[in-house]
Amino acid sequence: MTDVSGFPDAVSETARTADANVPKPRKGARGARFYRSSYAHLIEGIDVLLILAFSALALRELLPDAQMLGLSLAQVMPTGFAAMGLYWTLRENELYRLPASIGALGQALRAFGALMFALPVMALSGVVGALLCGRPAVEGLEEGTAAFATIAMVLVAAHGLWGWLLRRLTRAGIFSLNIVMVGATDKARQLVEQNEKTGDLNVLGIFDDRLARSPAHIGGAPVIGTVDDLRAWPCLPLIDRVI
């Protein structure tokens, strides 16, 4: 265990036990089995459905007199290629890797940025789709850009909603576990600092028998008391993990 005697701001055991700044357990976290990655996969699946639905709508607007179920492969390919190009671009821009601190505006801006890259990709994909089925390139360009115009703002608005919902669920503790750590060490500091970026854990505090040599906080997490204090801690039943 790392020697923490050089850490500043060591305070008395009594003061730490009474520290009013100790984070509160998130009730929603106890026993939770939801992960941010699962939420991202759900968003990705919904985006695929939106892309398919609005690509079909774009085709309907371009071919108002045609029967949708009776369209030939040559009629569908440019828009289909554009839709695949859009999905590929969203994934390549890591739109489905969700930071812990993202909100409605942040996620909407991320979607908008990805769509700026998607526009030329969709236009080029539409051209390729048209050429592969023997149609003029300009028709593929028109259909690719039409698909973009139909879906773009829908995706921006949808991702604003996903970001807002993600922040609400994160604050409710749906994606994070209540934990405490034993040992005021450099490794504890590294874990706390890493968690500030991911938000996967709700770090309530640290317990260490060497309290007189421990700092008041490790990377923002309070050092609350000794291991005996942990055993008698009223919040212990709400803890998911002791690390």
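Keep in mind that what you see is a predicted model, and the values were worked out from it rather than measured.

Trainee: Looking at this structure, I do not really get the environment of Gly-205. What am I missing?
Mentor: By the secondary structure assignment, Gly-205 is in strand 2 (residues 201–207). Look at Gly-205 and you get buried, because its relative accessible area is 0%. When the C-alpha atoms of Gly-205 and Gly-225 are compared, they prove to be 9.0 Å apart, with 20 residues separating the residues in sequence. Once residues within four sequence positions are removed from consideration, Gly-205 is found in contact with Ile-179, Val-180, Met-181, Pro-222 and Ile-224.

Trainee: Just checking my understanding: could you explain the pattern of salt bridges for this structure?
Mentor: Side chains carrying opposite charge are able to pair once their charged atoms draw close together. Applying the stated criterion across every chain, the model contains six salt bridges. Across the pair Asp-228 and Arg-231 runs a salt bridge, and its minimum N-O distance is 2.6 Å. Pair noted here: Asp-228 and Arg-231 are both in helix 7 (residues 227–231), with a separation of three residues, about one helical turn. An identical accessibility class is assigned to Asp-228 and Arg-231; each is exposed.

Trainee: I keep staring at the side chain of Arg-135 and nothing clicks. Help me out?
Mentor: On the secondary structure map, Arg-135 appears in the loop between helix 4 (104–132) and helix 5 (137–171). At a separation of 2.8 Å, a polar atom in the side chain of Arg-135 contacts the main-chain carbonyl oxygen of Ala-74.

Trainee: In this structure, what is going on with the pairing of strand 1 (residues 177–182)? I would like to understand it.
Mentor: Each regular strand shows side chains that alternate between the opposite faces of the sheet. Bridge analysis of strand 1 against strand 2 gives six bridges, and the strand direction is parallel. Following the sheet pairing, Val-182 is matched in strand 2 by Phe-207. Judged from the two bridges that link them, strand 1 and strand 5 (residues 241–242) form a sheet pairing that is parallel. Along strand 5, the bridge assignment pairs Ile-179 with Arg-241.

Trainee: Can you walk me through the sheet that holds strand 1 in this structure?
Mentor: Taken in spatial order, the five strands make up an open sheet running 3-4-2-1-5, and their pairing is mixed. Edge strands, defined here as strands with exactly one partner in the open sheet, are strand 3 (217–218) and strand 5. As paired elements, strand 2 and strand 4 (residues 221–225) share two bridges and run parallel to each other. Its bridge partner lying in strand 4, Phe-207 is registered against Gly-225.

Trainee: Teacher, can you tell me more about the nonpolar core here?
Mentor: Grouped burial of nonpolar side chains is what soluble globular proteins tend to show. Counting residues in each nonpolar core, the largest one holds 30 residues, and the members touching the most others are Tyr-39, Leu-86, Leu-90, Leu-115 and Leu-155. Elements represented by at least two residues in this core include exactly helix 2 (36–62), helix 3 (73–92), helix 4 and helix 5. Looking at this core element by element, the count peaks at nine residues for helix 5. Discounting residues that sit within four places of it in the chain, Leu-86 has contacts with Ile-51, Leu-115, Ala-118, Met-122, Ile-151 and Leu-155. Judged by nonpolar contacts, the second largest core, of 12 residues, contains Val-203, Leu-211, Ile-218 and Ala-221.

Trainee: Even after reading the chapter, I still don't get the environment of Glu-94, so can you show me in this structure?
Mentor: By the secondary structure assignment, Glu-94 is in the loop between helix 3 and helix 4. Judged by its relative accessible area of 40%, Glu-94 is partly exposed. Separated by 16 residues in sequence, Glu-94 and Arg-110 place their C-alpha atoms 9.1 Å apart.

Trainee: Where do I start with helix 5 in this structure?
Mentor: Owing to its 3.6 residues per turn, the α-helix brings residues three or four apart onto one side. Taking 1.5 Å per residue as the helical rise, helix 5 with its 35 residues ought to reach 51 Å, and the 50 Å between its terminal C-alpha atoms agrees with that figure. Largest kink in helix 5: about 35 degrees, centred on Ile-151. Trailing helix 5 by a residue or two, Gly-173 shows a phi angle of about 85 degrees, which is positive.

Trainee: How do you make sense of the packing of helix 2 against helix 5 when you look at a structure like this?
Mentor: Relative placement of two packed helices is described by the angle separating their axes and the distance separating the axes. Look at helix 2 against helix 5: their axes get within 9 Å of each other, and the N-to-C directions meet at 155 degrees. Regarding the angle of helix 2 to helix 5, the classification is roughly antiparallel. Crossing handedness for the pair helix 2 and helix 5: right-handed. Each residue belonging to the contact of helix 2 with helix 5 can be placed in one class, and the counts come to 20 nonpolar, three polar and five charged.

Trainee: For this particular structure, what's the right way to read the pairing of strand 4?
Mentor: Most of strand 4 is tucked away, with five of its five residues classed as buried. Linking two consecutive strands that pair antiparallel, namely strand 3 and strand 4, is a turn of two residues; a positive phi of about 55 degrees is found at Gly-219 within it.

Rules used throughout
Residues numbered from 1 in each chain as written. Predicted model: local features only at pLDDT ≥ 70, side-chain atom pairs only at ≥ 80, totals over all residues. Heavy atoms only, no water. Helix = DSSP H or I, 4+ residues; strand = E, 2+ residues; numbered from the N terminus. Buried < 20%, exposed > 50% of the residue type's maximum accessible area, 1.4 Å probe, protein only. Contact = heavy atoms within 4.5 Å. Salt bridge = Lys/Arg side-chain N within 4 Å of Asp/Glu carboxyl O. Polar contact = N/O pair within 3.5 Å; in protein donor to acceptor, adjacent residues only side chain to side chain. Pairing = 2+ DSSP bridges. Core = buried A, V, L, I, M, F, W, Y, C linked by side-chain atoms within 4.5 Å. Expected span 1.5 Å × (residues − 1). Bend = angle between axes of the 7 residues up to and from the residue. Axes fitted to C-alpha atoms, helices over the stretch in contact; angles between N-to-C directions. Parallel < 35°, antiparallel > 145°, perpendicular 65-115°, else oblique. Left-handed = near helix turned anticlockwise from the far one by under 90°. Nonpolar A, V, L, I, M, F, W, Y, C, P; charged D, E, K, R; others polar.

Read these as geometric descriptors, not functional statements.
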